[in-house]
Amino acid sequence: MQVLLIGAGARENALAARLLESPGLGKLYWLPGNAALEGRVSKVRDIDPCDGPGIATWAQRQAIDLAVIGPEAPLLAGVSDCLEEVGVPCFGPSRAAARLEGSKAFAKDLLAQAGIPTAKYVKVSGAQEALEALENWGAPVVIKADGLAAGKGVTVAMTQEEARKAAEELTGPAVIEEYLEGKELSFMVLAQGQEYVPLAPSRDHKRAGDGDTGPNTGGMGALAGFGLISQGLQQEISCKIIKPTLAAMAKLGTPYKGVLYAGLMLTAQGPKVLEFNVRFGDPETQAILQLWEDDLLEVLNTIARGGVPKGLLWSRDWAVSLVLASGGYPGSFETGYKIQGLEEALEYALVYQAGTKLTQGEIVTAAGRVITLAAKGSLELAREKVYAAASKIHFPGIHYRRDI
Ligand code: AMP
Ligand code: GLY
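Residues numbered from 1 in each chain as written. Chains lettered and ligands numbered in written order. Predicted model: local features only at pLDDT ≥ 70, side-chain atom pairs only at ≥ 80, totals over all residues. Heavy atoms only, no water.

Asker: Kindly report on helix 2 (residues 52–61), identifying the contributing residues and their values.
Answerer: For helix 2, every residue scored as buried is listed here: Gly52, Ile55, Ala56, Trp58 and Ala59. Relative to the axis of helix 2, the buried residues are bounded by an arc of 165 degrees and lie together on one face. Opposite the buried face of helix 2, at more than 90 degrees from it, the exposed residues are Pro53 and Arg61. Where helix 2 is buried, its residues meet strand 1 (2–7), strand 2 (27–32) and helix 4 (79–85). Its side-chain oxygen 2.9 Å from the backbone nitrogen of Gly54, Asp51 forms the N-cap of helix 2. One or two steps after helix 2, the chain reaches Ala63, where phi turns positive at roughly 55 degrees. (Buried < 20%, exposed > 50% of the residue type's maximum accessible area, 1.4 Å probe, protein only. Helix = DSSP H or I, 4+ residues; strand = E, 2+ residues; numbered from the N terminus. Arc of directions from axis to C-beta. Contact = heavy atoms within 4.5 Å. Polar contact = N/O pair within 3.5 Å; in protein donor to acceptor, adjacent residues only side chain to side chain.)

Asker: Give a description of the sheet that holds strand 6 (residues 121–124) that names residues and reports values.
Answerer: With antiparallel pairing, the four strands of this open sheet are ordered in space as 6-9-7-8. Among the strands making up the open sheet, the edge pair consists of strand 6 and strand 8 (154–157). Direction aside, neighbouring strands of the sheet carry axes that sit 15 degrees apart on average. The pairing of strand 6 with strand 9 (residues 174–178) spans four bridges and is classified as antiparallel. (Pairing = 2+ DSSP bridges. Axes fitted to C-alpha atoms, helices over the stretch in contact; angles between N-to-C directions.)

Asker: Give a detailed account of the nonpolar core, specifying residues and quantitative values.
Answerer: As a rule of thumb, soluble globular proteins bury nonpolar side chains together. Leu4, Leu83, Leu100 and Ile242 are the most contacted members of the largest nonpolar core, which has 47 residues in total. Ranked by the residues each element gives to this core, the list is headed by helix 9 (residues 231–251), at seven residues. For Leu4, the contacting residues outside a window of four places in its chain are Tyr29, Leu31, Ile55, Trp58, Ile64, Leu66, Ala67 and Val68. By size, the runner-up hydrophobic cluster in this structure holds 43 residues, among which are Leu37, Leu66, Leu199 and Phe226. (Core = buried A, V, L, I, M, F, W, Y, C linked by side-chain atoms within 4.5 Å.)

Asker: Any chance you could break down the site of ligand 1 for me, citing the residues and the numbers?
Answerer: Residues in contact with ligand 1 amount to 15 residues; listed here are only the nearest, Glu177, Leu180, Glu184, Lys206 and Glu275. Residue Leu180 places a main-chain N or O atom 2.8 Å away from a nitrogen atom belonging to ligand 1. At 3.0 Å from an oxygen atom of ligand 1 is found a side-chain nitrogen or oxygen belonging to Glu275. Coverage of ligand 1 by the protein chains reaches 96% of its 470 Å² of free accessible surface. At the level of secondary structure, the elements contributing two or more residues to the shell around ligand 1 comprise strand 7 (141–145), strand 8, strand 9 and strand 17 (270–277). When grouped by side-chain class, the residues that make up the shell around ligand 1 number seven nonpolar, one polar and seven charged. (Near = heavy atom within 4 Å. Areas by Shrake-Rupley, 256 points an atom, 1.4 Å probe, with all protein chains shown as cover. Nonpolar A, V, L, I, M, F, W, Y, C, P; charged D, E, K, R; others polar.)

Asker: Before we move on, can you summarise the site of ligand 2 with the specific residues and values?
Answerer: Around ligand 2, the structure places Asp204, Lys206, Gly218, Tyr261, Asn277, Arg279, Gly281, Asp282, Pro283 and Glu284. The contact in question runs from an oxygen atom of ligand 2 to an N or O atom on the side chain of Arg279, over 2.8 Å. At a separation of 2.9 Å, a nitrogen atom of ligand 2 approaches a polar backbone atom of Asp282. Protein chains bury 91% of the 200 Å² of accessible surface belonging to ligand 2 in isolation. Here the residues of the shell around ligand 2 are counted per class, giving two nonpolar, three polar and five charged.

Asker: Go over the sheet that holds strand 5 (residues 90–91), please, and point to the residues and values.
Answerer: The five strands lie next to each other as 3-2-1-4-5, forming an open sheet whose pairing is parallel. Either end of the sheet is taken by a strand with one partner, and the two such strands are strand 3 (42–43) and strand 5. Here four bridges tie strand 1 to strand 4 (residues 66–69), and the two strands are oriented parallel to one another. Along strand 4, the bridge assignment pairs Val3 with Leu66. Lying on the sheet, helix 1 (residues 10–20) is in contact with strand 1 and strand 2; it crosses strand 1 at an angle near 170 degrees. Along the sheet, helix 11 (residues 296–304) contacts strand 1, strand 4 and strand 5; its crossing angle with strand 4, the most-contacted strand, is approximately 95 degrees.

Right under this line is the structure:
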């Protein structure tokens, strides 16, 4: 099969590495890709990842058999609709279904109408309305800008002053919601309409600093494994959250296809939805893939063509992923630094590149999240492996959490 993979993160590097292991793979095209897998995949650099018509024309010409879309932006731009219109099966939801991630207001309304547990909320049109609405909320309180923000459009305000500051900075519609307390959980399923199979549960570490301090990021590291939650809780999440969400999407005439990612807070009153994503989590997926034993190409192709796998094969180990970031991320940071030790790190863990590029034959930093390391074993061993790998990698300003 000729496969097109869209995206440029460590998640896509991990997906690409697994697709390359599949006996069914002919050629893998990666649009736009990063500095990883040079010579093993064909990188497509002359098309914008959100240019649906351009990608569809190109895919038809290359006789692509399957497209896999990693990030949310192309999904929200309707790239999967454009590909399917020209007969290229696509792993990833339609533009209409991608609103579950693209609009916090759409997702919250759907949750409320379907009676799915989530934080109480109010929608506001902008800064002024937000400031007025905040009069009725104490602190802590959460302010979420509508639209895509790469995990950074959310302020968890611990004081009313912080909340007012976040409200003042809004430049468009937002949701103000109740602060939920508990442990977070990322629960992903592969869905087709109202049918689905779950992936191993995982837990991201969203804050930049150890002990969950500092600003929210796209994710600094994750644990994955069935030991994270009980079977009873998994059942509860399926019945109270996943099934009704898929049913609501079908009822709206926008049936879901692809990965549905429910970001949950496990509160004392049970699991509640914090957010939906319409794609694989990053860096959760880099960990989950270590445990997932199926032929990835076969599974993604089955979904893309309208089916659902009967079940998935899982290792009962734990897996850990660790993000190595540029100093200053998620604020401002410098790029263009040479990355050393990538080969040495491979002795301990898998090394996936995110924000990297090739400059004069050298791999240099090119974004906030630079590398994800991933390993499996017992929880302790998996952690040891990723931190041993991290100690081998160097670039100026390297920053990573020590407590994944
Ligand atoms: P979101 O993009 O909606 O997942 O928000 C990013 C992060 O902000 C989440 O992973 C949580 O850590 C935090 N967060 C979001 N909503 C809430 C909430 N209602 N209560 C507490 N923390 C929240
Ligand atoms: N790790 C969080 C996300 O993928 O949105």
